[in-house]
Amino acid sequence: MTVDPAGRPPEIREVAVMLPPEDIFYVSWTLDAYEGIGFMRTDDPQGGRATIFCPEEALGEVFSLLDALSREGVALEYRLTETRT
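Residues numbered from 1 in each chain as written. Predicted model: local features only at pLDDT ≥ 70, side-chain atom pairs only at ≥ 80, totals over all residues. Heavy atoms only, no water.

*Asks:* Could you clarify how one ought to interpret the nonpolar core in this entry?
*Replies:* One finds Leu19, Val27, Met40, Ile52, Leu66, Leu69 and Leu76 to be the most contacted residues of the largest nonpolar core, which totals 19 residues. For this core, the elements supplying multiple residues, two or more each, are β1 (12-18), α1 (24-33), β3 (49-55) and α2 (59-71). For Val27, the residues in contact, after removing those within four places along its chain, are Leu19, Met40, Leu66, Leu69 and Val74. (Core = buried A, V, L, I, M, F, W, Y, C linked by side-chain atoms within 4.5 Å. Buried < 20%, exposed > 50% of the residue type's maximum accessible area, 1.4 Å probe, protein only. Helix = DSSP H or I, 4+ residues; strand = E, 2+ residues; numbered from the N terminus. Contact = heavy atoms within 4.5 Å.)

*Asks:* For this particular structure, what's the right way to read the packing of α1 against α2?
*Replies:* Helix packing geometry: the angle between the two helix axes and the distance between the axes. Across the interface, α1 lies against α2 with an axial gap of 11 Å and an inter-helix angle of 140°. Comparing the axis directions of α1 and α2 gives the class oblique. In the packing of α1 onto α2, the handedness of the crossing is right-handed. Listed contacts from α2 to Tyr26, Val27, Thr30 and Leu31 of α1 are Leu65, Leu66 and Leu69. For the contact of α1 with α2, the residue count by class is 6 nonpolar, 1 polar and no charged. (Axes fitted to C-alpha atoms, helices over the stretch in contact; angles between N-to-C directions. Parallel < 35°, antiparallel > 145°, perpendicular 65-115°, else oblique. Left-handed = near helix turned anticlockwise from the far one by under 90°. Nonpolar A, V, L, I, M, F, W, Y, C, P; charged D, E, K, R; others polar.)

*Asks:* Could you clarify how one ought to interpret the pattern of salt bridges in this entry?
*Replies:* It is possible for side chains bearing opposite charge to pair when their charged atoms get close. Counted by the stated rule, this structure contains 2 salt bridges. Between Arg13 and Glu56 there is a salt bridge whose closest N-O contact spans 3.1 Å. Here Arg13 is found in strand β1, whereas its partner Glu56 is found in the loop between β3 and α2, with 43 residues between them in sequence. By relative accessible area, Glu56 is classed as partly exposed at 39%. Among the salt bridges present, the one from Arg41 reaches Asp43, with a minimum N-O distance of 2.6 Å. For Asp43, a relative accessible area of 29% translates into the label partly exposed. (Salt bridge = Lys/Arg side-chain N within 4 Å of Asp/Glu carboxyl O.)

Written out as structure tokens, the structure is:
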């Protein structure tokens, strides 16, 4: 995690993910293997809803990873959620 020159930590962003329940574990552990880009919380295990939390600076990597998983056959959809203030 990098800190800006003013000493503030990076803003944490949330990415809402919909995926087959049977793929939650796979996606979560794959994300975890990319140490430092974020972590996934399962919001509804039966419904396949999860949230990925990541530093704003890692959003591109998270989106690239999700796109790669989709190309590999994981039927997922994702969207960046609004930042809470």
